[in-house]
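Each chain, written out:
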Amino acid sequence: MRILSGMQPSGPMHIGNYLGAVKQWVATQNHDAFYCVVDLHALTLQIDPEKLREQTTDLLASYLACGLDPDVCTVFLQSQVPYHAQLNWLLECVATYGELSRMTQFKEKAQRQEGYRVGLLTYPVLMAGDILLYEAAEVPVGDDQRQHLELARVIAERFNNRYGKTFTVPVAVQPKVAARVMDLQEPTRKMSKSVSSPLGSIYLFDTPADIERKVRKAVTDTDNEVRFDWEHKPGLSNLLEMYSSFSGDKPDDVAGRYSRYGDLKGDLATLIVESLAPIQRRYRELLADPGELHAVAMRGSLKAAEVAGPVYHRAARAMGLL
Ligand code: TYM
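Within each chain, residue numbers correspond to sequence positions counted from 1 in written order. Confidence filtering applies because this is a predicted model: local features only for residues at pLDDT of at least 70, side-chain atom pairs given and counted only at 80 or more, and all residues used for totals across whole chains, interfaces and linings. Heavy atoms throughout the structure, all of them, feed into the side-chain values; hydrogens and water do not.

A.B. asks: Explain the packing of aromatic side chains to me, using residue names and the numbers behind them.
C.D. replies: Working definition: rings of Phe, Tyr and Trp (its six-membered ring) pair if their centres are within 6.5 Å, and the pair is stacked with planes under 30 degrees apart, edge-to-face with planes over 60 apart, and tilted otherwise. Overall, the coordinates contain 12 aromatic pairs when judged by the stated rule. Where F34 meets Y134, the ring centres are 5.0 Å apart and the plane angle is 35°; that geometry is what we call tilted. Here the residue F34 occupies a position in strand 2 (residues 33–37), and Y134 occupies one in the loop between helix 6 (118–132) and strand 4 (138–140), the gap between them amounting to 100 residues. Like Y134, F34 is buried. One aromatic cluster is present, built from ring pairs that chain together W25, Y35 and Y63. Strands here mean DSSP runs of E at least two residues long; helices mean DSSP runs of H or I at least four residues long; both are numbered from the N terminus. Note on classification: 1.4 Å probe, protein chains only; a residue is buried when its accessible area is under 20% of the maximum for its type, exposed when over 50%, partly exposed between these limits.

Written out as structure tokens, the structure is:
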């Protein structure tokens, strides 16, 4: 099964990224699966060049530490495969301004700053290109990327109708639980790399003490009945989904085992700490040798380019480029 997905190196990975996306990547990786660090996407917001380099290396280490195996799947850097930027232009001439300006993430991010970059608007086109270049059938992502995936499908279908069948129309794949992990302090807002209260996100490489503190302080409600109910108990339901994703048990079953919030929180903190410990160990080992991480990315990018090149040329020819 051809799979592609990616993550921005815009900050350290949090458990929303892990449970919503990377855990699925690891479970479904195969010789036809491609996972990229989408460094070009990270340029849509202000980021210091040194920081971008550092976070890109960090994210490569995080991918491998979580269990992606470069002998099984292809791990690569978006900017090292020039077809991404090239196809982006072709697809910008297929997508419309109206479609892009209606994207929820664009509207939210544009609101937060003056003089936002054009790239912030056209970002979903670059993302569509990432997917279409690899003829991906499935794209494992968290719930917040659903709208972008829908646009990628629209762009692929429009291109195929206008210029002849060129692209595979991709499908988004989401995990059954934890597809949208919420901020621990504001459980009606998703956990996010860019906007976050200090106690709102659990990062993959937080210390056990920090994890414990954040889970203990997570906002719940006051009626003290442990029940899985997103409408009335978003804070608690968020904790139950995290528990469920780490343990494999259904959220309702987890809820049935507890009568006190404090007990659930204590066990959840332990579960998270224990689940992340081997990932954290491996991450530290990998980061000790950044040269090897860059070599993995380079090898992956060469493999990725072999797949993306023919698709790009097919699209360019279909549009009439010589
Ligand atoms: P990014 O970098 O914001 O997030 C990476 C992945 O993590 C998921 N995610 C979450 N899942 C559950 N709960 C959350 N709170 C949460 N926050 C983030 C995201 O859904 C995503 O799967 N535009 C994409 C990156 C991208 C991409 C692509 C993805 C670029 N090109 C091609 C797939 C295919 C993004 O900004 O994800």
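Now, onward.
A.B. asks: Got a sec to walk through the site of the ligand? Specific residues and values, please.
C.D. replies: Around the ligand, 28 residues are found, and the nearest of them are Y123, D130, G142, D144 and V181. The backbone of G16 places a nitrogen or oxygen atom 3.1 Å from a nitrogen atom of the ligand. For the ligand, an oxygen atom lies 2.5 Å from a polar atom in the side chain of Y123. For the ligand, the accessible surface in isolation is 710 Å², of which the surrounding protein chains cover 96%. The pocket occupied by the ligand, as judged from atoms lying within 2 Å of grid points, is the largest pocket. Among the elements of the structure, strand 1 (3–7), helix 1 (15–28) and helix 6 are those that each provide at least two residues to the shell around the ligand. What makes a residue near a molecule or strand is one non-hydrogen atom of that residue sitting within 4 Å of it. N or O atoms within 3.5 Å of each other form a polar contact, as long as, within protein, one can give a hydrogen and the other can take it, and as long as residues adjacent in sequence are counted only when both atoms are side-chain atoms. Here, Shrake-Rupley sampling with a 1.4 Å probe gives the accessible areas, and only protein chains in the shown set may cover a residue. Here the term cavity refers to a set of points on a 1 Å grid, laid over the protein atoms alone, in which a 1.4 Å probe fits but cannot get out; the term pocket refers to an open set having protein on both sides within 12 Å along at least five of seven lines, with lining residues being those that place an atom within 4 Å of a point. Should more than half of a molecule's atoms lie within 2 Å of a pocket's or cavity's grid points, that molecule is taken to sit in it.

A.B. asks: Any details on the layout of surface pockets? Residues and values, ideally.
C.D. replies: Grid points are joined across faces, edges and corners, and a volume is the space filled by probe spheres set on the points. By volume, the largest pocket amounts to about 1,100 Å³. Lining the largest pocket we find 44 residues, and of these N17, Q105, D144, Q145 and K190 sit closest to its centre. Side-chain classes are defined by residue name, with Ala, Val, Leu, Ile, Met, Phe, Trp, Tyr, Cys and Pro counting as nonpolar, Asp, Glu, Lys and Arg as charged, and the others, Gly among them, as polar. When the residues that make up the lining of the largest pocket are grouped by side-chain class, the tally is 17 nonpolar, 16 polar and 11 charged. For the second largest pocket, the calculated volume is near 180 Å³. Lining the second largest pocket are 13 residues, and of these D39, R53, T56, L77 and S79 sit closest to its centre. Contributions of two or more residues to the lining of the second largest pocket are made by helix 2 (49–66) and helix 12 (290–318). For the lining of the second largest pocket, the leading source of residues is helix 2, giving 5 residues.

A.B. asks: Describe the packing of helix 2 against helix 11 (residues 261–287), naming the residues involved and giving the relevant values.
C.D. replies: Between helix 2 and helix 11, the least distance of the axes is 8 Å, while the angle of their chain directions is 135°. Judged by the inter-axis angle, helix 2 sits oblique to helix 11. The handedness of the crossing between helix 2 and helix 11 is right-handed. For the pair helix 2 and helix 11, contact is made by T57, D58, A61, S62, L64, A65 and C66 and by I279, R282, Y283, L286 and L287, respectively. Partitioned by chemical class, the residues of the contact of helix 2 with helix 11 number 8 nonpolar, 2 polar and 2 charged. In this description, a line fitted to the C-alpha atoms serves as the axis of each element, helices being fitted only across the stretch in contact, and the angle between N-to-C directions of two axes falls anywhere from 0 to 180 degrees. When describing relative orientation, an angle under 35 degrees is termed roughly parallel and one over 145 degrees roughly antiparallel, while 65 to 115 degrees is termed roughly perpendicular and anything else oblique. Handedness of each helix crossing follows the sense of rotation of the near helix against the far helix: counterclockwise by less than a right angle gives left-handed, clockwise gives right-handed. Contacts are assigned to residue pairs that have any heavy atoms within 4.5 Å of one another.

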